[in-house]
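Survey of secondary and tertiary structure
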Amino acid sequence: MKQSAPKTILCIHDLSGMGRCSLAVAAPVLAAMGHQPILLPTALLSTHTGGLGKPAIHNLPDYGEAALQHYKELGIEFDCIYSGYLAAPQDQQLVHKAFDLWPNALKIVDPVLGDHGKFYSGMESLLDGMRELCRKADLILPNQTEACLLLQQPYTEMDFEPEQAQQLADALSDTIQKAVVTGLPMGKHLACAGSYGRERFLVKRLRINRNYPGTGDLFASVLVGALLRGNALSAAVDAAAGFVAEAINYTDPAAEPALGVWFEPLLGRLCERN
Ligand code: PXL
């Protein structure tokens, strides 16, 4: 895998203090991969919304725009703008604004909306805005649930044939944006299907039947880091799928799943590889 100079990546997500998701994942992962993550929290939460009770939430309605303005005044050029969980239409607007202010940045949107066929708590009203944001991105990274929501297709729990997985990614890249669809069940494997310009690929990993919040953020962050190191998209997906599998395998199966995967001791592996 190729090495390249550190890149400056504007990360627009919430900051959940506990639970291993969003900025708390993107920051260490991208830094370990040699990049400079610039952290723009859209809201502060004590934890994510996925199984740790009712979090304390502090929205930051005016902060984002003021921060973008400051970065512009400083003359910063972002190599990439990477958005994740956005809990309100204003947060989506903030990402649009960042895209407009830095048109040369690589625009990557992880359309965090739900999983296992269901919306995450409170995300129902954000679908149309997310679809619009995806249309402006260079690359989107939905899971199966999010791909179906974006395409207005029913979600079915199914075992994918390779061609069906590719077609889901193709449908997104034809109508919305270049896409990598993650977490598609395929026999003993989970597959990621990519459709990106003329590139079409499938990356498979042995399926581990354990579910943790935040693994989508871990996947997306490693993928962004690997892409910005100059890897091809398929190689970046392979690196991301591999790291998520390693982190799940490393996590004590008896640990509280809502606290996420134990990726911290493995960060050194990201320094050396990909
Ligand atoms: O990992 C996605 C995510 C990020 N941030 C918050 C969440 C979730 C998923 O539930 O609740 C606050």
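Residues numbered from 1 in each chain as written. Predicted model: local features only at pLDDT ≥ 70, side-chain atom pairs only at ≥ 80, totals over all residues. Heavy atoms only, no water.

1. A short note on the environment of Phe 119
Its location among the elements puts Phe 119 in strand E7 (residues 118-119). The class of Phe 119 is partly exposed, set by a relative accessible area of 28%. With 19 residues separating them along the chain, Phe 119 and Asp 138 place their C-alpha atoms 24 Å apart. Residues in contact with Phe 119, not counting those within four places in the same chain, are Leu 113, Gly 114, Glu 124, Leu 127 and Leu 149. (Helix = DSSP H or I, 4+ residues; strand = E, 2+ residues; numbered from the N terminus. Buried < 20%, exposed > 50% of the residue type's maximum accessible area, 1.4 Å probe, protein only. Contact = heavy atoms within 4.5 Å.)

2. Side note on the nonpolar core
Counting 43 residues, the largest nonpolar core has Val 29, Tyr 82, Val 180, Leu 218, Phe 219, Leu 223 and Val 237 as its most contacted members. Mapped by element, the contributors of at least two residues to this core are strand E1 (8-18), helix H1 (23-32), strand E4 (80-83), strand E11 (199-206), helix H7 (215-228), helix H8 (233-250) and helix H9 (267-272). No other element matches the 10 residues that H8 contributes to this core. Apart from the residues within four sequence positions on either side, Val 237 is in contact with Val 180, Cys 192, Phe 201, Val 203, Phe 219 and Leu 223. One finds Leu 68, Phe 78, Ile 81 and Met 186 within the second-largest nonpolar core, a separate group that totals 40 residues. (Core = buried A, V, L, I, M, F, W, Y, C linked by side-chain atoms within 4.5 Å.)

3. Focus: H1
Judged by how many residues are buried, H1 sits mostly within the fold: seven of 10 residues are covered. Of all the residues in H1, the buried ones are Leu 23, Val 25, Ala 26, Ala 27, Val 29, Leu 30 and Ala 32. Looking at the buried side of H1, the elements it contacts are E1, strand E2 (36-47), E4, H7 and H9. Residue Gly 34 follows H1 closely and has a positive phi angle near 90°.

4. Quick word on the pairing of strand E5 (residues 106-109)
Looking at chain direction, E4 and E5 are connected through four bridges and run parallel. Its bridge partner being in E5, Cys 80 is matched across the sheet by Leu 106. Between the parallel elements E4 and E5, the chain passes through helix H3 (residues 89-101) in a crossover that is right-handed. Note: E5 against strand E8 (residues 139-140), two bridges, orientation parallel. Note on E8: the bridge partner recorded for Val 109 is Ile 140. (Pairing = 2+ DSSP bridges. Right-handed = clockwise from strand over helix to strand, strands pointing away.)

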